[in-house]
Each structure stands twice: as structure tokens, then as C-alpha cells.
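What follows is each chain in one-letter form.
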Amino acid sequence: MSERSPAPGGLELVEALVNTLLDIETGADSLDTPEVRERFGLTEDDLPAARELRESLRATLLAHAGHPPHRPVTPLGELLSAAPLVVAVDPADGAAALVPARDGTLTARVAAAVAQALVDGTWTRFKACEAADCHWAYYDRSPGGRGRWCSMQVCGARAKMRRYRAKGA
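Here the structure is a predicted model, which is why all the values come from computation and not from measurement.

Calculation rules
Residues numbered from 1 in each chain as written. Predicted model: local features only at pLDDT ≥ 70, side-chain atom pairs only at ≥ 80, totals over all residues. Heavy atoms only, no water. Helix = DSSP H or I, 4+ residues; strand = E, 2+ residues; numbered from the N terminus. Pairing = 2+ DSSP bridges. Buried < 20%, exposed > 50% of the residue type's maximum accessible area, 1.4 Å probe, protein only. Contact = heavy atoms within 4.5 Å. Salt bridge = Lys/Arg side-chain N within 4 Å of Asp/Glu carboxyl O. Axes fitted to C-alpha atoms, helices over the stretch in contact; angles between N-to-C directions. Parallel < 35°, antiparallel > 145°, perpendicular 65-115°, else oblique. Core = buried A, V, L, I, M, F, W, Y, C linked by side-chain atoms within 4.5 Å.

Draft legend 1. Quick look at the environment of alanine 132. Relative to the assigned elements, alanine 132 resides in the loop between strand 5 (126-128) and strand 6 (137-139). For the pair alanine 132 and histidine 70, spaced 62 residues apart in the sequence, the C-alpha separation amounts to 8.1 Å.

Here's what the structure looks like:
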């Protein structure tokens, strides 16, 4: 839906996961397709946990944008606390990063991406669209960090049109 550039670094994985819910109103979900499950390294048995993680991420991204959660969810910190991460140090330059341990589960990869985004200072600019029928994830590159919609041409235009019509009523 968004014409925006993908989120930076590991947040691109998180953005792709959050945006697997194609239509919040109908529940159309690309995680139902084998191709998308394969992209995230998921089996059908992994879907309930992946969906729970996705919706906890969405609630957090809504909070970044100053909005309440879209529905009750397990707190993201609770889900990520179980992620097996280790500190990896590059012998060539000494750079260190948190990386998924052993199997690299989706939760561990998301936790590593969040940790890196915290270090990079990009985490709080990662938001969910305020449109109630959208809530897609996007990275806010606006100068003041006050972007509100995943797409100004779609969600932003709809919101502005609703406000305009409400003034005339």
C-alpha cells in the first residue's frame, strides 16, 4: 500500500512482517500463503505465534505514533524476552551486535532488529499508520518525525477528505 521506502536495516524484516496483514477489516493475511511463510521461515504450526508477534509489534508501532493499541495484545517486551540472542563480535573491526542464537527463530530475528534499531536511534521513528482501517507499518522519514500515515496519497488523503467533509456538515 505504501509508496514509502522500506524501513532501514533489520526493521525492513519487521515492517514486512507487520504488513503481512493485508486488510485489517477482512483479515486477509499473506501469512496464509506458503511463499510468504517460507520467506519468514515459518511452518503452519508457527502461525499463531507469528501472528501474536505481528500484532504486538503493531500495537507498539501505534504507540510510537501516539495511538492506543488496536486491540488487546501480549506486550512486545514479554514476547521478545524469550528470544535467544548472543553478542557477536566481528574480529576484523571489533564491531559488536546482538544476533539470533542457534536457530534464528522469527522472534529472535525481530528481537535482534529491534535491538539494533535502538542502537541506531531508528526504533521510535518506526510507526503504524493512524488510519483505523490500515495500521500498516512504515518508517517515518519526515523532518520532525511527526508522520501520521503510511501513504499520504491514500490514507492521508482519505483522512483529510473526511475532515473537510465534517467541516461542511
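Draft legend 2. Representation of the pairing of strand 3 (residues 85-89). As defined by bridge partners, strand 3 adjoins strand 4 (residues 96-100) across 5 bridges and the pair is classed as antiparallel. Across the sheet, the residue bridging to alanine 88 is alanine 97, located in strand 4. Where strand 3 folds back onto strand 4 in an antiparallel hairpin, the turn is made up of 6 residues, including glycine 94, whose phi is positive at roughly 80°.

Draft legend 3. The arrangement of the environment of tyrosine 139 in detail. Its place among the elements puts tyrosine 139 in strand 6. Looking at tyrosine 139, the relative accessible area reads 9%, which means it is buried. Tyrosine 139 sits 14 residues away from arginine 125 along the chain, and the two C-alpha atoms are 5.9 Å apart. Residues contacting tyrosine 139, with those up to four places away along its chain left out, are Arg4, Ala7, Pro8, Leu11, Glu15, Thr122, Arg125 and Phe126.

Draft legend 4. Main features of the pattern of salt bridges. Applying the stated criterion to the full structure yields 7 salt bridges. A salt bridge links arginine 51 to aspartate 32, with the shortest nitrogen-to-oxygen separation between them at 2.4 Å. Taken together, the residues arginine 51 in helix 3 (residues 47-64) and aspartate 32 in the loop between strand 2 (28-29) and helix 2 (34-40) connect sequence positions 19 residues apart. When its relative accessible area of 24% is taken as the criterion, arginine 51 is described as partly exposed. Arginine 58 is the partner of glutamate 55 in a salt bridge, and the nearest nitrogen-oxygen pair spans 2.8 Å. Linking glutamate 55 with arginine 58, this pair stays in helix 3, spanning 3 residues, or about one helical turn. You can call arginine 58 buried: its relative accessible area is 0%. Beyond isolated ion pairs, a larger network of salt bridges with shared partners links Asp29, Asp32, Arg51, Arg54, Glu55 and Arg58.

Draft legend 5. Up close: the packing of helix 1 (residues 11-18) against helix 3. Contact geometry of helix 1 with helix 3 gives a least axis separation of 9 Å together with a crossing angle of 105°. Taken together, the axes of helix 1 and helix 3 lie roughly perpendicular to each other. Of helix 3, the residues touching helix 1 (which contributes Val14, Leu17 and Val18) are Leu53, Arg54, Leu57, Arg58 and Leu61.

Draft legend 6. View of the nonpolar core. Core analysis: the biggest nonpolar cluster contains 32 residues, and Leu53, Leu57, Val110, Trp123 and Phe126 have the highest contact counts within it. Counting residues per element, the ones that place at least two in this core are helix 1, helix 2, helix 3, helix 4 (76-80), helix 5 (106-120), strand 5 and strand 6. Looking at this core, the element that brings in the most residues is helix 5, giving 7 residues. Setting aside residues no more than four positions away along its own chain, leucine 53 makes contact with Leu17, Leu76, Leu79, Leu80, Leu106, Thr107 and Val110. Judged by nonpolar contacts, the second largest core, of 7 residues, contains Cys134, Trp136, Tyr138 and Cys155.

Draft legend 7. Seen up close, unusual backbone geometry. Here histidine 135, not a glycine, exhibits a phi torsion of approximately 60°, which is positive. In this structure, histidine 135 sits in the loop between strand 5 and strand 6.

In short, geometric facts, not functional conclusions.
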